[in-house]
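Summary of structural features
One-letter residues, chain by chain:
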Amino acid sequence: MLTRNCARLKFAALLMFATPFADAAPTPGAEAIAPREKAPFTVPTDPAAKKVLVQQVKDYMALPPAQVQAHPAAADFPGVAPAGSPRVTRVITVHGPQKHGPDSALYAGRKDGWQSTGLYANAGEIVTVTPVGTLPAGVTLELQVGCHTDRLFNDKIDKWKRFPSIARSFTLTQQPTQVASAFGGSLFVSVKLSNGATGDGLKLDLRFANAVEAPFFVLGKTSLADWKKIRNAPAPWGELVGRGMILHFPAVQVRTMDDPTPLLLWWDSIVAAEDGLVGWPARAAQERVVPDRQISAGWMHSGYPFMCHLASASDITDLAKLRTNGDWGFFHELGHNHQSAEWTFANQTEVTVNFFSLYCMERIVGKPTGLGHGKTFEGDDLFKRLDKRLGAKPSTDPFDQLAPFVVLIRKYGWAPLKQTLVSYQTVPVARKTPEPQRQAEFVRRYSRNAKANLTGFFKQIGYTLPDELSAELKALPAFDYAAWRKAPTTSKPARP
């Protein structure tokens, strides 16, 4: 008990000095954690003090809706509706569960998709959600407040540029259910099943009361006349909903956008290209991209939704820039969502993901084959990377590892690689198959689709392949890397 009390005292002292508002008296508890982007909150380095801090944040974000008030930092991020903004009541129809992708997807395939409402819960305010009708047996509906689901408790994060946890979820009951968050946020519904329920044909109306309307456009449903009114809705965050992609953004970003259709069609083409490269079946749920002031890892990261920093938010809706330059980072994170352990081996997570970036850069943006990441594979740079990858001690740098695939794509085109990746949808590799066998199967399929024996080339880059595979493929002409290097081929860009 003495140790715990000491930790609390130490944490209280840390709050007094860590709060960015020097001219304000420190407030006890989570409300004192009020960072701004240029005045972040310094996380305690003492493990005991940090543990107390994290628990305090979790307790604060779990308060019953009746006890929730707007946090002092909510107006700074994610923002609040302007004073005097109307509150609305809307009936929203939700459907059966929408899985993000097939089970083979490494990162986000098995996650339940969010169903958007176009509504926003203002910070500290209660939104009441009521089922119109009876909830079916075996069906649970989760109500989520906020699209910024990253929590900043990672030990590598020593400063918080926003409150470390701002999204909340609640389970809907048959009776009116109150939801509230100290930070507010966009409202979503997730459908979960139990007790053998299938959710087939599920269609349920929910009434949301005391919500704020958000800029919200659904491709093929929202008319341009309606959009010109909805784009000025007062919520601080909005959504553009395509068939394959949903874009989140600060609302100010699209208040002057006359027609989101071309932008959404472009994004849908990116998702369709990545789905097609691996042969995914028709989608049940769209991908999502969410910009945040601070994320849990990296400049961007994959998942559902995939996250980027606010610095990249304007790029999400800059169609002219996207058409001309593409965006390697966006393509890369979507690629992670499509990766499979069946053909991604040790130290290759940041390698095979770039199949998708290369493919979109060529097929959608129109870059020459293998290019699109600055000058990474231009001219002599490609050969320098190949020399490192094919050396006596093969380099494991992600782009050095990607270079041999650039060679194969330039030599044989995309079709053999695409056919290989797609084949795993119909002829998967058994779970827990040892990596050498998975490598051999990948090379077997790739060789047959390229109509060339690639075993020697893949052995050079460190794949563990049995001699029997070379014998099995001996009728195919061996790929001659030395000959290719003397006269490398470069495919012309191919637009869809």
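Preceding block: the structure.
These numbers come from a predicted model, not from an experiment. (Residues numbered from 1 in each chain as written. Predicted model: local features only at pLDDT ≥ 70, side-chain atom pairs only at ≥ 80, totals over all residues. Heavy atoms only, no water.)

**Details of the overall build of the protein**
For the protein, the helix and strand inventory stands at 16 helices and 16 strands. By residue count, 54% of the 496 residues in the protein fall in the buried class. Excluding contacts between residues fewer than 6 apart, the proportion of contacts in the protein whose partners are at least 24 apart in sequence is 72%. Within the structure as shown, the protein displays about 21800 Å² of accessible surface, and the carbon and sulfur contribution to it stands at 54%. (Helix = DSSP H or I, 4+ residues; strand = E, 2+ residues; numbered from the N terminus. Buried < 20%, exposed > 50% of the residue type's maximum accessible area, 1.4 Å probe, protein only. Contact = heavy atoms within 4.5 Å. Areas by Shrake-Rupley, 256 points an atom, 1.4 Å probe, with all protein chains shown as cover.)

**Re the pairing of strand 3 (residues 115-121)**
Along strand 3, six of the seven residues are buried, which leaves the element largely enclosed by surrounding structure. Taken together, the four bridges between strand 3 and strand 9 (residues 185-193) define a ladder with antiparallel strand orientation. Paired with tyrosine 120 across the strands is serine 186, a residue of strand 9. (Pairing = 2+ DSSP bridges.)

**Some remarks on the packing of helix 4 (residues 261-278) against helix 9 (residues 354-365)**
For the pair helix 4 and helix 9, the least separation of the axes is 10 Å and the interaxial angle reads 125°. On the basis of their axis angle, the class for helix 4 and helix 9 is oblique. Here the hand of the crossing between helix 4 and helix 9 comes out right-handed. Along its contact with helix 4, which presents Trp266, Ser269, Ile270, Ala273, Glu274, Leu277 and Val278, the element helix 9 presents Phe355, Phe356, Tyr359, Cys360 and Ile364. Its residues assigned to classes, the contact of helix 4 with helix 9 shows ten nonpolar, one polar and one charged. (Axes fitted to C-alpha atoms, helices over the stretch in contact; angles between N-to-C directions. Parallel < 35°, antiparallel > 145°, perpendicular 65-115°, else oblique. Left-handed = near helix turned anticlockwise from the far one by under 90°. Nonpolar A, V, L, I, M, F, W, Y, C, P; charged D, E, K, R; others polar.)

**Side note on the sheet that holds strand 13 (residues 245-250)**
Spatially, the six strands line up as an open sheet ordered 11-12-13-14-16-15, and their pairing is mixed. Only two strands of the sheet have a single partner each, and these edge strands are strand 11 (216-218) and strand 15 (300-301). With respect to the sheet, helix 4 is in contact with strand 11, strand 12 (237-241), strand 13 and strand 14 (287-292), its orientation differing from that of strand 13 by roughly 130°.

**A look at the side chain of serine 357**
Within the element layout of this structure, serine 357 appears in helix 9. Residues in contact with serine 357, not counting those within four places in the same chain, are Trp328, Phe331 and His332.

**Quick notes on the pattern of salt bridges**
Taken as a whole and assessed by the stated rule, the structure comprises 23 salt bridges. In this structure, aspartate 76 engages arginine 36 in a salt bridge whose closest nitrogen and oxygen atoms are separated by 3.4 Å. One end of the pair, aspartate 76, is in the loop between helix 2 (47-60) and strand 2 (88-95); the other, arginine 36, is in the loop between helix 1 (2-18) and strand 1 (41-42), and 40 residues separate them in sequence. Since its relative accessible area comes to 27%, aspartate 76 is described here as partly exposed. When its relative accessible area of 39% is taken as the criterion, arginine 36 is described as partly exposed. Among the ionic pairs, arginine 385 bridges to aspartate 400, the shortest N-O distance being 2.9 Å. With a gap of 15 residues between them, arginine 385 in helix 10 (residues 380-389) and aspartate 400 in helix 11 (residues 398-412) connect regions that are remote in the sequence. It is possible to trace a salt-bridge network through shared partners that takes in Asp381, Arg385, Lys388, Asp397 and Asp400. (Salt bridge = Lys/Arg side-chain N within 4 Å of Asp/Glu carboxyl O.)

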